[in-house]
Each structure stands twice: as C-alpha cells, then as structure tokens.
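Residue-level listing of the chains:
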Amino acid sequence: MSGRVASFCAVLFLLPGLAQPLPGEIREALLLQENLSFGGVQGGQPRRPKEAILLREPFFLDAIARSMLFSPGREEEWYGNIPPGPGRPGREAAAFPETFRDLPEAPGGLRELEALPHHYPSRSFRGGIYRITLPPITVDSGVSPALKLGHVVDFDTVYVNGRFLGRNGGINLGGADEAFGISRLYRVPGHYLYRDRENTISIYTSARPWGQAGLYSRPLLGPYDHFTRQRALTDTIKQMLTACYAMTGLFFLTLFIRRKALREHLFYGLFCLAVAIYFFFRIQTNLIVFDNYARAARFELGSLWAAIPLFMLFVMTYFKEPLRAIHGAYLALSAVFLLLIPLHPSTLFLTRLNFSVVQISWIFPLAVVMRTLFRNFRSSPAAYLMFVSSLIMVFLVLVDIYISRNYRGSSNMAFITQYALFPYTMTIALATIHTLVRLYDEVERLTLLAHRDSLTGAFTRHQGEKLAVALLDQAARTSKPVSFMVMDLDHFKVVNDTYGHAAGDIVLRRIGELLRNTFRKKDLIFRFGGEEFCLLLPETSRSEAQAIAERLRKTVESLTLSEISPDLRLSTSIGISVYPECGASQEELFQKADQALYAAKQQGRNRVICTAPSSRPG
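Attention in this report is confined to the structure presented alongside it.

The rules behind each value
- Residues numbered from 1 in each chain as written.
- Predicted model: local features only at pLDDT ≥ 70, side-chain atom pairs only at ≥ 80, totals over all residues.
- Heavy atoms only, no water.
- Helix = DSSP H or I, 4+ residues; strand = E, 2+ residues; numbered from the N terminus.
- Buried < 20%, exposed > 50% of the residue type's maximum accessible area, 1.4 Å probe, protein only.
- Contact = heavy atoms within 4.5 Å.
- Areas by Shrake-Rupley, 256 points an atom, 1.4 Å probe, with all protein chains shown as cover.
- Salt bridge = Lys/Arg side-chain N within 4 Å of Asp/Glu carboxyl O.
- Expected span 1.5 Å × (residues − 1).
- Arc of directions from axis to C-beta.
- Pairing = 2+ DSSP bridges.
- Phe/Tyr/Trp six-rings, centres within 6.5 Å; stacked < 30°, edge-to-face > 60°.
- Lys NZ or Arg CZ within 6 Å of the ring centre and 35° of its normal.
- Core = buried A, V, L, I, M, F, W, Y, C linked by side-chain atoms within 4.5 Å.
- Axes fitted to C-alpha atoms, helices over the stretch in contact; angles between N-to-C directions.
- Parallel < 35°, antiparallel > 145°, perpendicular 65-115°, else oblique.
- Left-handed = near helix turned anticlockwise from the far one by under 90°.

1. Some points on the overall build of the chain
For step 1, the next point in the chain: Looking only at helices and strands, the chain has 20 helices and 20 strands in total.
For step 2, the next point in the chain: Considering the chain as a whole, with its 618 residues, one finds that 53% of them fall into the buried category.
For step 3, the next point in the chain: Considering only contacts in the chain between residues 6 or more positions apart, those separated by 24 or more positions represent 76%.
For step 4, the next point in the chain: Carbon and sulfur atoms make up 58% of the accessible area of the chain, which amounts to about 29100 Å² in all.

2. Looking at the pattern of salt bridges
For step 1, the next point in the chain: By the definition in use, this model includes 15 salt bridges.
For step 2, the next point in the chain: Among the ionic pairs, R375 bridges to E321, the shortest N-O distance being 3.6 Å. With R375 in helix α13 (residues 363–376) and E321 in the loop between α10 (293–318) and α11 (325–343), the pair connects residues that are 54 residues apart, well separated along the chain.
For step 3, the next point in the chain: Residue class for R375 comes out partly exposed when judged on its relative accessible area of 47%.
For step 4, the next point in the chain: For the salt bridge of R553 with E557, the shortest nitrogen-to-oxygen distance reads 3.5 Å. Residue R553 and its partner E557 are located together in helix α19 (residues 542–557), separated by four residues, close to a single helical turn.
For step 5, the next point in the chain: Taking the relative accessible area as the measure of exposure, E557 reaches 35% and is therefore partly exposed.
For step 6, the next point in the chain: Linked through salt bridges whose partners overlap, the residues forming this network are D488, D490 and K601.

3. Description of helix α16 (residues 461–478)
For step 1, the next point in the chain: In this model, α16 (18 residues) spans 25 Å end to end at C-alpha, consistent with the 26 Å of a helix rising 1.5 Å per residue.
For step 2, the next point in the chain: Inspection of α16 places Q463, G464, A468, L471, L472 and A475 among the buried residues, and these make up the whole buried set. End-on view of α16: buried residues confined to an arc of 165 degrees, all on one side of the axis. Among the exposed residues of α16, those pointing more than 90 degrees away from its buried face are H462 and R477.

4. Considerations on the sheet that holds strand β8 (residues 145–150)
For step 1, the next point in the chain: Here we have four strands laid out as an open sheet, ordered β2-β15-β8-β12, and antiparallel in their pairing. Only two strands of the sheet have a single partner each, and these edge strands are β2 (59–60) and β12 (184–187).
For step 2, the next point in the chain: Two elements, β8 and strand β15 (residues 220–223), share four bridges in a ladder whose sense is antiparallel. Across the sheet, residue L147 finds its bridge partner in β15, namely L221.

5. A look at the packing of aromatic side chains
For step 1, the next point in the chain: All told, the structure shown has 20 aromatic pairs when counted by the stated rule.
For step 2, the next point in the chain: Consider the rings of F271 and F311, whose centres lie 5.1 Å apart with planes at 45 degrees: the pair is tilted. Residue F271 is located in helix α8 (residues 263–280), and its partner F311 is located in helix α10; the two are separated by 40 residues in the primary sequence.
For step 3, the next point in the chain: On the basis of relative accessible area, F311 is assigned to the buried category, the value being 6%.
For step 4, the next point in the chain: Connected via pairs of aromatic rings, a cluster forms that spans F251, F252, Y268, F271, F311, F314, Y318 and F319.
For step 5, the next point in the chain: Over the ring of Y194 we find R197; its NZ or CZ atom is 3.7 Å from the centre of that ring.

6. Comments concerning the pairing of strand β3 (residues 67–72)
For step 1, the next point in the chain: The buried fraction of β3 amounts to six of the six residues, a majority that puts the element mostly inside the structure.
For step 2, the next point in the chain: Here β3 shows two buried faces, one formed by S67, L69 and S71 and the other by M68, F70 and P72.
For step 3, the next point in the chain: With six bridges joining them, β3 and strand β6 (residues 127–134) adopt antiparallel strand pairing. Note that in β6 the partner of S67 across the bridge is T133.
For step 4, the next point in the chain: In terms of strand pairing, β3 meets strand β4 (residues 111–112) through two bridges, oriented antiparallel. Paired with F70 across the strands is R111, a residue of β4.

7. A short note on the nonpolar core
Nonpolar side chains tend toward joint burial in soluble globular proteins.
For step 1, the next point in the chain: W305 and F314 are the most contacted members of the largest nonpolar core, which totals 57 residues.
For step 2, the next point in the chain: Put simply, the parts of the chain that give this core at least two residues each are α7 (224–258), α8, α10, α11, α12 (347–361), α13, α14 (381–406) and α15 (416–451).
For step 3, the next point in the chain: Tallying contributions element by element places α10 first for this core, with 14 residues.
For step 4, the next point in the chain: For W305, the contacting residues outside a window of four places in its chain are F337, L338, I341, L350, L353, N354, V358 and W362.
For step 5, the next point in the chain: In this structure, A458, A545, A549 and I576 belong to the second largest nonpolar core, which totals 31 residues.

8. Considerations on the packing of α11 against α13
Two measures define how a pair of helices packs: the angle their axes make with one another and the distance between the axes.
For step 1, the next point in the chain: Where α11 meets α13, the axes come as close as 10 Å, and the angle between the chain directions of the two elements is 135 degrees. As summarised for this structure, α11 and α13 are arranged oblique, according to the angle between their axes. For the element pair α11 and α13, the recorded crossing hand is left-handed. Taken together, the residues of α13 that come into contact with α11 (itself represented by I326, H327 and Y330) are F364, P365 and V368.

Don't take any of this as a statement about function, it's just geometry.
So, in structure tokens, the structure goes:
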C-alpha cells in the first residue's frame, strides 16, 4: 500500500515539471495577469466608442475596438516574400494593407471576433492575422504610446496603420517569450496613430505545427511608462526571491564547510543555488540586459535539470537512505543531459528534450523522494513537515494547470507554484535547521556530561585543571590576583556509614547547588574528588577570599538536611592560597591551599586558613 501511495504522489509531484514553460504552452505570473494587474485599465466592458479616445491609461483593445477580424493563413500569402525586420531590404518601403479587402481571399475564411484572447489550432493553420479597428486616438504631449501583446504563440509581426512596428518583441528564439514569461511590448511612435480617423492594428501570428497558436492575452494600448512600472514590480519580487534562494544556498554550503560529515547541507545548498539561477534568468530586466535568449534558455534548463537530482540526493542523505546502483544510473543519465546543454548547438532540441525525455525521467527521483518521506513521516517531524508541504505543492500545481488549460480555454496561467516554491524550500530549510539545532543541543549536552560532574554540577577534575591554567594565564596578562580555595566536608565518611551512600549523594548534590548559587559565573568550581572541591576566584584578594570562605563555612554549617535527618549537621574546612603571592603555577597554588586545608583539619576542622605569602628573593 505504501508503495502505491508513494508512486501516486511521485506522479503528482512530477506535475511542476510538466507545467514548465515550453513552446506552445503559456505561463504568466499572477502579478502579470492583465485582468488583475491593471485595476485602472479603461474599457473593462466591451464597447464601441464613436468618439476619439485620449490615451492616458491602458485600454484593452477588445474593449475599445470597433471591429475585430481574424483570418487564418500564412503571412506570405498576403504580404509576399519580403519579411520585414531590422537591416533587411524593403523594411522601410514595406507597408501592410490596412484592410482585408486589399488581400487575396484567405484560405480559412474571415471570422469576426467578439473578445480576446483568441487561439487557433496550429496544426490546421500555420498562421493567422488579426485586424483590430480602433477609434481615433489622441496622445498627450510627453506620453509615449506602447502596445502590449502579452503572450503570443509562437511568432508575431505587428503593423500599425500599415506601418511595420516590430517582430517577435525583439526575441529571436521561438517560444522564448513563453519560456521566460516575457510579455511582448512594442513602443509605438506617436505619429503612427491617427487622431482624425480610425486606426488599424494588424497582428500576424504563426506557430510550429503542434498545439495552439494565436493571442493568448488581452492586448493593451497605453502609456509606455505604465507597463514598465509593472515590469519593475514583478522584477523586484523575483530579485528578492533570487537573493533569498542564493543566501539560503550559501548558508547551507557554509554549514557543510564547517562540518563536512553532514553532506545533506551540501546537496541542499547546491539545490537552492540552482533554483536561484533559475529565477535569475526569469527576471525580464536581466534578460533584456543579457540579450541572448538562447543562452539564457540553456542556463535555465541547466539549473532546472540539476535541481531535481540534487533534491533527491538531499532527501536520501538527510534520512540516511542508501545510494543504490539504480540511483547511480539515474545520476549518470542526468549528467549526460547536463553535458548536452553546452555541447548541443540547437536550443530547440534541448527544449524538446526537456519536455519529451528529461521531465519524464523525473518520475524516478520524485518517486524516491516521496517514498522516502512517506516511510519516515511517522517517525520524523521533519519528514512529516516535508511530506505535507509536498502534498500542498502538488495541489497548487493542479490548480495552476486547471487555470491554464481547463478553464474555458484560458491561457493566463497564474503559476502559483512559481511563488509557492519559496515557502516550500524555506519550510524544508527550517526543518533541516531545526534538526541541526537539535543535533547541536545534543552535542552540547554530551559535552556538558563529559566536562561536568553529573552529581554536583561542578566541572570534573580534568576539565577544571584545564580551565584553571587558562584562568591563571589571563591573570598573568592582567596582573590581577586569583584566590585558590580547597574545600573538604568534615566527617563525610560518617554520613555515608550512618545514613548510607544515597544520603551521601544527597549531601554532595546540595553542596554543589550551594556552590553554584553562591559564587559568580566567572568563578571556577570543580570537584577534585570525593567530598573535596576546588574553587578559583579571579580578581579576588586575600582578604576578600577569607571573607568569602568564612561566609561559605557558616552557610554549610547552617544547612539543614531534613530529607536525611533533622539532626544531621555539616561542617567544612577550607584552605586558601593566592596568586601570585603564594605561587605562580596551578600545582604550586594547589599545594599551598592543600597544606592550609590540612592545617585546618589538624586544628579541629570547621575553619578557614589562608596560606602566608611566600618569601621570594628580590
């Protein structure tokens, strides 16, 4: 049962890859949807204005058009064999006919459209022309008009009143605008538009013989600055996401460098960097500056093809799953795919390979991921969190695909997963960091157990002597005194013999608690052995140490241990030596303090004795 569930989840998890942009498929980010983004767009309802319009804000073309006609057919059937374009003969002389009456009869017949977007099967018609008639348009001084076609599959040529405006939005790679989510935007010279008579916008579209072609967005006509402000907003969001992914990747790589045994940090760091590269090449400003969409497509495909195997390796390493021969074979196949990116000359071939082979091969690593999460989610909180968030991502991808493909032929794909990927990766990062923090807490706890006495809470003798050396070295640099005390409980053997060793443990535990609550944090307390404790008090003179020791002696003397016996009373003897008066080394100070303790025992116990200063030759 668990295997079938894991396989089903893996197939669903593959859907983000199938929703990746490909020739003939449209995807537009949520913030780029015209119907939502342009709250101030004029002409929300279809109308046919009789008067001239003033171009101050964007207008949907289908809302202000007086007529919209579509005729399928190839461009050369109307225009001839002179393709307009920069640097090509006939570009300036070429003028597209302003009416369909001037064209030969179209092979597919003339159709009148009521609204846009509109698309047609590219397998039946390799191309088609839209003729949109607009009322007279007045442009204020200082306003630069622009035509935003949005998404077009695959190619377009645009004319305004018979004058060539542009081709493919300046993008030379077919399908690149869909692949990178770029809305085609043309700047319209003001003198191209008529103020005293109707305007005609002619848009020729064509596509490869698969899927759909046509206008997949509602074109807009408006001020150029309005569109660039919107582009700046979406680019800013993507730049922030790119920066977050990059910083997360570098953070995990830093963790790996510091602790190379945790290889899951390496794989997750590389995964986040791959996602950062993917988002970087989805920023329209970067693409315009880069000015090489074919090369950008290779970077995007490379980051995408590397991200999935890295994520599989991260999950397997995180949950200590063994790497078997079948996993190695898939990784070798992925390496071959990645080698094709710089070596193969055709970007179109790589795009087709991405759709037909690479994304299908993702079924295996994603099945491994979901199976691993499903096997561990009951026992591991991190796996449970990853598994639930993965199911949420699958649901969002399904919503994306439903919006883009199944909702009345709509093409405005919200592509929620593009933005939901950020909280998803951050959730996994937090789960990993949480596990790392728990690991460090456990290491700290074990270190504490190794360095501290479990009964009294004081440092062990070995750790205390190491810290004492460091403390005395610091005192030598600052020329400040350090008082060294050796404390021993009087007649402690009698307590063990009379009340038992369990009672002795209670006494030692209470003494350890008393010492921790009495002395400063910078004071060093360690158990020397049995009922004997050593205390180092930095920046404490002889007289101060004697006063502190005397208060400690009285506190121990007044200590009640009713849980053992109401009649039980304790006493302690304390010997003191002071650095540098009594010696410079730890051994010398301990020897002097131990001699003082022995003298206190000889003089009747329950007393404090401080070693006299050593007489040193001048």
